[in-house]
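# Chain and residue survey
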Amino acid sequence: MQHLTAPSETELTPRRPPAYSAWSSPDLAYAVFAVNAVIVLGFWWFSTGFEITRNASDAFNGIGRVTGLLGTYFVLWQLLFMARLPWLERAFGLERLAVLHKWNGYLAIGLLIGHGVFQTLGYQLGDGKDVASQLGDFIASYQGLLAAIVALGLMIAVVVMSVTIARRRLAYETWYFVHLYAYLAVALAFSHQLATGVDFAGNPAFVWYWCGLYVLVGGSLLLYRVVGPLATYSRHRFHVQAVEKEARGVFSIYITGRDLDQFEAEAGQFAIWRFLDRTRWWQAHPFSISAVPNGRRLRITVKNIGDFTSNIHTLKPGTPILVDGPFGKFIERPKNAKVLLIAGGIGITPIRPLAEEMATDGFDVRILYRAHSEGDIVFKKELDALSTREGSVRVDYLITQAASRRPSREAWFTPANLARLVPDIFDRAVYVCGPIAMMAVVRTSLEALGLSSDQIRTEVFRLQ
Ligand SMILES: Cc1cc2nc3c(=O)[nH]c(=O)nc-3n(C[C@H](O)[C@H](O)[C@H](O)COP(=O)(O)OP(=O)(O)OC[C@H]3O[C@@H](n4cnc5c(N)ncnc54)[C@H](O)[C@@H]3O)c2cc1C
């Protein structure tokens with residue numbers, strides 16, 4: 001098995017300036033969200049919103065229009081959350097963006113259902129029709145309304161199916177492809193908005209603004225999800241150099257390319273990798289960079305847990321790779337001189353290069369690495385070499401083999417045990433990466449010990 005040699009000072013990629021500036025703070029994102037929501041509400045109020053007090057029909061219609069506008073506005077944010085915009089990613093991290101995407105999605109669908117219900121009630125009251133004939137009239141007489149009804153049906157189906165797929169832990173690809181129908185729904189609903197949206201009629205400023213929002217969101221998606229990875233590929237020509245076994249069911253992929261010293265990746269980050277061979281080109285998966293980038297090659301290390309990862313060892317040298325990223329919040333460096341890195345299972349991948357880089361930078365590094373058994377420890381030789389070479393790194397392997405009398409998974413991470421293992425834990429910034437359940441236990445214990453939330457950084461291997 002080949003091991004990475006420690007890069008010399010000159011081999012290290014130049015460090016990027018701190019990524020976290022005012023331009024990438026969550027507050028800026030909230031401000032952009034709020035200002036545009038107020039603009040939308042303002043256009044609605046001055047177009048037709050002020051009429052809502054006139055009678056019951058106008059009240060329902062007014063509520064129907066504003067829920068439609070806001071629901072669509074939230075849908076545009078749904079797309080933006082997934083566009084991998086650098087400033088949004090730096091502000092929240094992809095993991096939190098996925099959470100925002102989920103809750104914003106529920107709000108959007110609630111508002112859009114409200115739009116359908118209130119508009120039907122409003123028109124029905126105004127025209128004196130029953131619900132069925134009102135719906136028939138919508139379809140027969142209003143341009144684009146059938147498409148809009150189909151779009152709403154699609155959106156509801158996407159939400160229901162996504163929740164079911166996530167709950168039943170069905171394949172990620174199923175979840176992903178179901179989500180693609182949401183784009184169809186957005187396209188179908190667009191013509192309805194401009195053709196029948198009363199608030200847009202005779203209000204060219206609102207039409208321009210609304211179309212501008214679509215152009216911005218569509219442009220961001222195209223730029224960051226399609227053009228970006230293609231441009232990165234054309235510059236660096238990433239391809240597989242070698243595939244090597246690391247441990248039971250775990251393989252490292254060594255990736256090389258052109259001008260890799262210009263590729264701004266840091267220890268602790270991850271990217272979304274698309275291997276362009278006959279069987280894999282259609283799916284992209286996130287994996288962390290598992291060795292300090294040295295300007296000549298990158299390494300990712302993959303554990304076999306599903307259909308894609310179980311075949312990773314069949315990758316052939318020379319296979320081209322599209323890379324989307326890098327991303328991740330583990331590039332923040334703490335003010336504390338001491339750090340504690342906690343890894344569970346394959347969660348060691350971002351921790352391994354972080355430890356090396358932090359030790360090189362003069363941090364006092366402790367690593368707690370939980371694995372099921374000795375045979376499951378990944379990078380053992382590298383970690384041991386690191387603790388021998390860099391006097392400031394200490395690694396403890398926490399083995400949880402079921403047959404042994406060693407502590408169970410949870411017992412390793414009780415507040416008392418953590419304080420026993422790392423007596424100066426209070427002085428340390430803590431980075432945690434591992435299975436979701438373990439991370440929840442670790443976070444609870446750290447908080448119980450009195451560590452503040454800005455002392456704790458986490459990376460979750462899940463973006464759903
Ligand atoms: C930020 C991040 C960093 C990661 N780093 C590593 C790493 O260094 N090493 C490693 O072995 N694993 C890592 N993972 C997990 C890895 O992405 C999944 O194990 C892998 O995608 C599983 O694919 P599968 O088809 O084999 O399994 P499946 O059974 O299809 O998926 C298992 C679970 O993996 C997740 N997943 C699957 N496909 C994707 C996808 N295309 N995009 C996002 N999530 C997906 C879903 O939560 C899914 O439920 C990371 C995940 C994230 C989010």
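Within every chain, residues take consecutive numbers counted from 1 along the sequence as written. Only residues with pLDDT of at least 70 get local features here, since the model is predicted, and only at 80 or more are side-chain atom pairs given and counted; chain-wide, interface and lining totals rely on the full set of residues.

## Things to note about helix H6 (residues 145-167)
For H6, which comprises 23 residues, the first-to-last C-alpha distance of 33 Å matches the rise-based estimate of 33 Å (1.5 Å per residue) to within 8%. We call a residue exposed when 12 or fewer other C-beta atoms sit within 10 Å of its C-beta, buried when the count reaches 20 or more, and partly exposed for counts in between; the C-beta positions come from the backbone. The secondary structure listing takes helices from DSSP runs of H or I that are at least 4 residues long and strands from runs of E that are at least 2 residues long, numbered from the N terminus. Buried within H6 we find Ala148, Ala151, Leu152, Met155, Val158 and Ile165. Contacts here follow a simple rule: the backbone-placed C-beta atoms of the two residues must lie within 7 Å. Residues of H6 that are buried sit in contact with helix H4 (94-127) and helix H7 (172-196). One or two residues past the end of H6 sits Arg169, with phi positive at roughly 55°. One less than the number of residues in a helix, times 1.5 Å, gives the span that helix is expected to have.

## Thoughts on the pairing of strand S7 (residues 338-344)
Each regular strand carries side chains that alternate between the two faces of the sheet. Of all seven residues in S7, six are buried; the element is thus mostly enclosed. At least two bridges found by DSSP between two strands are what make those strands a pair. Two strands pair when backbone bridges link them, and S7 and strand S8 (residues 364-371) are joined in this way by seven bridges, in the parallel orientation. By the bridge assignment, Val339 is partnered in S8 with Val365. Handedness of a crossover is defined as follows: orient the strands so they point away from the viewer, and if the path from the first strand over the helix to the second runs clockwise, the crossover is right-handed. Of the crossover connections in this fold, the one passing from S7 over helix H9 (residues 348-360) to the parallel S8 is right-handed. Note that S7 and strand S10 (residues 428-434) share six bridges and pair parallel. Bridging from a neighbouring strand, Val339 pairs with Ala429 of S10.

## Let's talk about the domain arrangement of the protein
Note that the domain bounds reflect an automated or database-derived domain assignment. Per the domain assignment, the segments making up the protein are domain 1 (22-230), domain 2 (237-327) and domain 3 (338-460). Each of domain 1 and domain 2 has a C-alpha centre, and the two are 36 Å apart. Contacts between domain 1 and domain 2 engage seven residues on the former and six residues on the latter. Gly counts as polar in this scheme, as do all residues outside two lists: the nonpolar Ala, Val, Leu, Ile, Met, Phe, Trp, Tyr, Cys and Pro, and the charged Asp, Glu, Lys and Arg. By residue class, the composition of the side of domain 1 that touches domain 2 is three nonpolar, one polar and three charged.

## What about helix H10 (residues 380-389)?
Within H10, burial applies to Glu382, Leu383 and Leu386. Seen from one end, H10 has its buried residues packed into an arc of 95°, which puts them on one side. The exposed residues of H10 that point more than 90 degrees off its buried face are Lys381 and Thr388. The directions considered for the arc run from the helix axis to the C-beta atoms.

## Brief notes about the sheet that holds S10
Strand order in the open sheet formed by five strands is S9-S8-S7-S10-S11, and the pairing between neighbours is parallel. In this open sheet, the two edge strands, each paired with only one partner strand, are strand S9 (393-399) and strand S11 (456-460). The average angle at which neighbouring strand axes cross in this sheet is 15°, direction not considered. Note on geometry: axes are lines fitted to C-alpha atoms, helical ones only across the stretch in contact, with angles between N-to-C directions running from 0 to 180 degrees. The sheet strands contacting H10 are S8 and S9, and the helix crosses S9 at an angle near 145°. Strands S7, S8, S10 and S11 of the sheet are contacted by helix H13 (residues 436-448), whose axis makes an angle of about 170° with S11.

## Observations concerning the site of the ligand
Placing the C-beta atom from the backbone, one calls a residue near a molecule or strand if that atom lies within 6 Å of it. Around the ligand lies a shell of 25 residues, among which Tyr172, Gly306, Phe308, Thr309 and Thr349 are the nearest. Of all the elements in the fold, those that place two or more residues in the shell around the ligand are strand S4 (285-288) and strand S5 (297-303). Per-class residue counts for the shell around the ligand are 13 nonpolar, eight polar and four charged. Taken domain by domain, the makeup of the shell around the ligand includes at least three residues from each of domain 1 (22-230) and domain 2 (237-327).

## Quick look at the packing of helix H2 (residues 56-81) against H4
Where H2 meets H4, the axes come as close as 7 Å, and the angle between the chain directions of the two elements is 155°. By the angle between their directions, the pair H2 and H4 is classed as roughly antiparallel. The chirality of how H2 crosses H4 is left-handed. If an angle is under 35 degrees, it is roughly parallel; if it is over 145, roughly antiparallel; if it lies from 65 to 115, roughly perpendicular; otherwise it is oblique. Note on convention: the crossing is left-handed when the near helix lies turned anticlockwise from the far helix by less than a right angle, right-handed when the turn is clockwise.

## Here's the deal with the sheet that holds S4
Two modes of strand pairing occur in sheets, parallel and antiparallel, and in both the strands are linked by backbone hydrogen bonds. Strand order in the open sheet formed by three strands is S4-S3-S6, with antiparallel pairing between adjacent strands. Looking at strand neighbours, the two that pair on one side only are S4 and strand S6 (321-327), the edges of this open sheet. The mean inter-strand angle of the sheet, taken between neighbouring strand axes irrespective of direction, is 30°. Pairing geometry for strand S3 (residues 270-275) and S6, over five bridges, is antiparallel. Across the sheet, Ile272 pairs through a bridge with Asp324, a residue of S6.

## Considering the environment of Arg96
Looking at the secondary structure, you find Arg96 in helix H4. Since 16 C-beta atoms lie within 10 Å of it, Arg96 is described here as partly exposed. Between the alpha carbons of Arg96 and Ile63 there is a distance of 31 Å; along the sequence they are 33 residues apart.

## Considering the packing of H4 against H6
It is the contact of H4 with H6, at a shortest axis distance of 11 Å, that shows an interaxial angle of 145°. Between H4 and H6 the crossing geometry is left-handed. On H6, the residues that touch Gly105, Ile109, Leu112 and Gly116 of H4 are Leu152, Met155, Ile156 and Val159. Classifying every residue of the contact of H4 with H6 by side-chain character gives six nonpolar, two polar and no charged.

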